[in-house]
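Architecture and fold: a report
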Amino acid sequence: QVQVVESGGGLVQAGGSLRLACAASGRTFSTMGWFRQAPGKEREFVATITWNSYTYYADSVKGRFTIGRDNARNTMYLQMNSLKPDDTAVYYCAAGQSLATRASSPNRYDYWGQGTQVTVSA
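Now for the packing of aromatic side chains. Aromatic ring pairs are reported here in terms of the distance separating the ring centres and the angle at which the planes meet. Applying the stated rule across the entire model yields six aromatic pairs. Between Phe35 and Tyr109 the ring centres are 5.4 Å apart and the planes differ by 80 degrees, which places this aromatic pair in the edge-to-face class. Placement of Phe35 in strand S4 (residues 31–37) and of Tyr109 in the loop between strand S9 (89–96) and strand S10 (111–112) is noted, with a sequence separation of 74 residues between them. An identical accessibility class is assigned to Phe35 and Tyr109; each is buried. Among the aromatic residues, ring-to-ring pairing joins Phe35, Phe45, Tyr56, Tyr109 and Trp112 into one connected group. The aromatic ring of Tyr77 is capped on one face by Arg19, whose charged end is 4.4 Å from the ring centroid. Directly above the ring of Trp112 sits Arg43, whose terminal nitrogen or CZ lies 4.9 Å from the centroid.

A few words on the sheet that holds strand S1 (residues 3–7). A sheet is described by the order of its strands in space; here four strands give the open sequence S1-S3-S8-S7, paired in antiparallel fashion. This sheet does not close on itself; its edge strands, each paired only once, are S1 and strand S7 (65–70). Shown here is a sheet whose adjacent strand axes are inclined to one another by a mean of 15 degrees, direction ignored. Bridge count between S1 and strand S3 (residues 18–25): five bridges; the pairing is antiparallel. Bridge pairing links Val5 to Ala23 in S3.

So, how was this worked out
Residues numbered from 1 in each chain as written. Predicted model: local features only at pLDDT ≥ 70, side-chain atom pairs only at ≥ 80, totals over all residues. Heavy atoms only, no water. Phe/Tyr/Trp six-rings, centres within 6.5 Å; stacked < 30°, edge-to-face > 60°. Helix = DSSP H or I, 4+ residues; strand = E, 2+ residues; numbered from the N terminus. Buried < 20%, exposed > 50% of the residue type's maximum accessible area, 1.4 Å probe, protein only. Lys NZ or Arg CZ within 6 Å of the ring centre and 35° of its normal. Pairing = 2+ DSSP bridges. Axes fitted to C-alpha atoms, helices over the stretch in contact; angles between N-to-C directions.

Given below as structure tokens:
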């Protein structure tokens, strides 16, 4: 059974940091990514990483967030620094077999986690 499971969300003050993790099981993936959805808004792309660690970020998080992966552990991470209240959202891990280097569309992904809440207080 293929699964992707997020962990690491929580409550943090503005300017603080959080680290999210996504553990995949059942198979390996060419592309893994993070999306987020704030209340009343559509799900939006955050960052993506290929099997060989090519990364691509949304402009809103570039320079503050860092995506990484450990292929041996089939795990992906998202280090979030300098968090802002606008970063408050449910963060979703996604995984797929796309060969695109900038897989920012949800259609590029086949498996999704249940989401983890990130709340940034002012």
